Amino acid sequence: MEPTKNDKKLETNSRTSENSSSEVEALLNKLRKTEITAILTMNKKAQITMSNWAYNLVDQYDATLKNNPVKLKDTAELPCSKMDLKLAIKLLMLASVEKRLDDNAIVNLKDKFVSLGSFQSIDQEDIVKLINHISDIQKKSMDADTPSFPELNKYMDLIISEQKALLDEINSFIEDIRKIKKNF
């Protein structure tokens, strides 16, 4: 049976997707090994490829944040690793400073970066306990005392600690970008 035009298009699109995905992975590996500002020395095509990757990833992450407004979120809900999201947000942050976008864009990216701390690796056992705890709270009247939940407190401490570290990291990154920008 001869392949149809649509079969050939699908095969071509599949190969193009594989090539672009391997290209993205190669560029990501380069950026992971060097400082993120290495993107400034890449050719225009590579910069556009990485920029598109970052926008796509941050859009997916933004949707995840909007669909899950609770404070504690499972890392399994992220579209990729925290490391890659941090890299994507930093790339967009660099582009925002380069293009001299308004402070709202920078603040929005900074908030997204810090929000990564809300995503924790939650033990399966703790998930079950948390679901049961929430169910118990919902069954009781609003006036009733609700017992504390030590497992949740453990994760909240992790969130606060990680968010503080992320805030320090992104503030330092912004400061570094501004120093680099002054030297150019």
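Residues numbered from 1 in each chain as written. Predicted model: local features only at pLDDT ≥ 70, side-chain atom pairs only at ≥ 80, totals over all residues. Heavy atoms only, no water.

1. Overview of the overall build of the chain
So, step 1. The helix and strand tally for the chain stands at six helices and two strands.
So, step 2. When its helices and strands are written in sequence order, the chain yields α-α-β-α-α-β-α-α.
So, step 3. Burial analysis of the chain (184 residues in total) assigns 33% to the buried set.
So, step 4. Sequence separation of 24 or more characterises 74% of the internal contacts of the chain that already satisfy a separation of 6 or more.
So, step 5. On the chain, roughly 12,100 Å² of surface is accessible, and the fraction owed to carbon and sulfur atoms is 53%. (Helix = DSSP H or I, 4+ residues; strand = E, 2+ residues; numbered from the N terminus. Buried < 20%, exposed > 50% of the residue type's maximum accessible area, 1.4 Å probe, protein only. Contact = heavy atoms within 4.5 Å. Areas by Shrake-Rupley, 256 points an atom, 1.4 Å probe, with all protein chains shown as cover.)

2. Observations regarding the side chain of D74
So, step 1. If you trace the backbone, D74 turns up in strand β1 (residues 73-74).
So, step 2. Every residue in contact with D74, bar those within four places of it in the chain, is listed here: F119, Q120, S121, I122 and I127.

3. As for the pattern of salt bridges
So, step 1. A full pass over the atoms with the stated rule returns eight salt bridges.
So, step 2. Its salt-bridge partner being E169, residue K90 comes within 2.8 Å of it at the nearest N-O pair. Of this pair, K90 sits in helix α3 (residues 82-98) while E169 sits in helix α6 (residues 150-183), and the two are 79 residues apart along the sequence.
So, step 3. The class of K90 is buried, set by a relative accessible area of 16%.
So, step 4. On the basis of relative accessible area, E169 is assigned to the partly exposed category, the value being 25%. (Salt bridge = Lys/Arg side-chain N within 4 Å of Asp/Glu carboxyl O.)

4. Some points on helix α4 (residues 103-115)
So, step 1. Under the 1.5 Å per step criterion, the end-to-end length of α4 is 18 Å for 13 residues, consistent within 8% with the ideal 18 Å.
So, step 2. Those residues of α4 not exposed but buried are I106, L109, K112, F113 and V114. (Expected span 1.5 Å × (residues − 1).)

5. Topic: the packing of aromatic side chains
So, step 1. Within the structure shown, the criterion is met by one aromatic pair.
So, step 2. Between the aromatic rings of Y61 and F119, the centroid separation amounts to 6.0 Å while the plane-to-plane angle is 50°, which identifies the pairing as tilted. Highlighted residues: Y61 in helix α2 (residues 44-67) and F119 in strand β2 (residues 119-120), separated in sequence by 58 residues.
So, step 3. The class of Y61 is buried, set by a relative accessible area of 0%. (Phe/Tyr/Trp six-rings, centres within 6.5 Å; stacked < 30°, edge-to-face > 60°.)

6. Describing the environment of S51
So, step 1. If you trace the backbone, S51 turns up in helix α2.
So, step 2. The partly exposed category is assigned to S51, whose relative accessible area is 23%.

7. Brief notes about the nonpolar core
So, step 1. Counting 37 residues, the largest nonpolar core has L31, M50, W53, Y61, L91 and M93 as its most contacted members.
So, step 2. Put simply, the parts of the chain that give this core at least two residues each are α1 (5-33), α2, α3, α4 and α6.
So, step 3. Ranked by the residues each element gives to this core, the list is headed by α3, at nine residues.
So, step 4. When sequence neighbours within four positions are dropped, the list of residues in contact with L31 reads I36, A38, I39, M42, M50, L87 and L91. (Core = buried A, V, L, I, M, F, W, Y, C linked by side-chain atoms within 4.5 Å.)

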